[in-house]
Amino acid sequence: VTVLNAGRGHFEPIETTPPERVREMLEVNFLGVLHGVQAAIPIFRARGAGQIVLVGSVVGKRALPSLGAYSAAKAAVGSLAETLRIELAGSGIDVTLVLPGSTETEFHGAASGPRRRGPLGWVQSADTGAGAIARAIRRPRREVYPTPGAWAMAVLNELAPGVVDWAVRRAGRP
């Protein structure tokens, strides 16, 4: 089993986010995970079995204002998971995408950007996220949402994106 999680945040509207910050988000949050995947696949193929657990984010399914660069990088992790599930079908290698929401970790304190803030919305503990990953390892699934709030946000966004747009604006996010 390999669990791949990279998280560096930047809180700033896309309009003013410097290209080097966008590049940083992609290099850390996406390419960091990709390099781990590329290292693990040959080992798992040689064994004929394995499991790749990618930690994305619910904001990869539903981007939020001032988190555009981070959201784009986490969306790329989600696309990577989808690609791998097809490319590795029949190989004995399972691929799981974990989609947490806001989590109580050092992430927010270490983030950059003028709109940096603490966790928002449905905040989960790090233990909740770790528990979801452990359950996914015991019983592989395509996607795992550690909290009902993360699941609801992703599903509602698929069914009624305009309603989610309205709710996000109403919540006063910049």
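Scroll up a little and you will see the structure.
This report concerns the structure included in the present document. No experiment lies behind these values; they were computed from the predicted model shown. (Residues numbered from 1 in each chain as written. Predicted model: local features only at pLDDT ≥ 70, side-chain atom pairs only at ≥ 80, totals over all residues. Heavy atoms only, no water.)

A few words now on the environment of Ala-72. Inspection of the secondary structure assignment puts Ala-72 in helix α2 (residues 68-87). A relative accessible area of 42% means that Ala-72 is categorised as partly exposed. Linking Ala-72 and Gly-60, residues twelve residues apart in sequence, is a C-alpha distance of 6.4 Å. (Helix = DSSP H or I, 4+ residues; strand = E, 2+ residues; numbered from the N terminus. Buried < 20%, exposed > 50% of the residue type's maximum accessible area, 1.4 Å probe, protein only.)

Once that is clear, we can look at the side chain of Gln-51. Structurally, the position occupied by Gln-51 is in strand β2 (residues 50-55). With a relative accessible area of 5%, Gln-51 lands in the buried category. Polar side-chain contacts of Gln-51 include one of 3.0 Å to the backbone oxygen of Ala-136. Each residue touching Gln-51, except ones within four places of it in the same chain, is listed here: Val-1, Thr-2, Phe-44, Asp-94, Thr-96, Ala-136, Ile-137 and Pro-140. (Polar contact = N/O pair within 3.5 Å; in protein donor to acceptor, adjacent residues only side chain to side chain. Contact = heavy atoms within 4.5 Å.)

Further remarks concern the packing of helix α5 (residues 148-159) against helix α6 (residues 161-170). Contact geometry of α5 with α6 gives a least axis separation of 5 Å together with a crossing angle of 125 degrees. With respect to each other, α5 and α6 are oriented oblique. Mapping the contact onto sequence places Leu-156, Asn-157, Glu-158 and Leu-159 in α5 and Pro-161, Val-163 and Val-164 in α6. Residues of the contact of α5 with α6, tallied by class, amount to five nonpolar, one polar and one charged. (Axes fitted to C-alpha atoms, helices over the stretch in contact; angles between N-to-C directions. Parallel < 35°, antiparallel > 145°, perpendicular 65-115°, else oblique. Nonpolar A, V, L, I, M, F, W, Y, C, P; charged D, E, K, R; others polar.)

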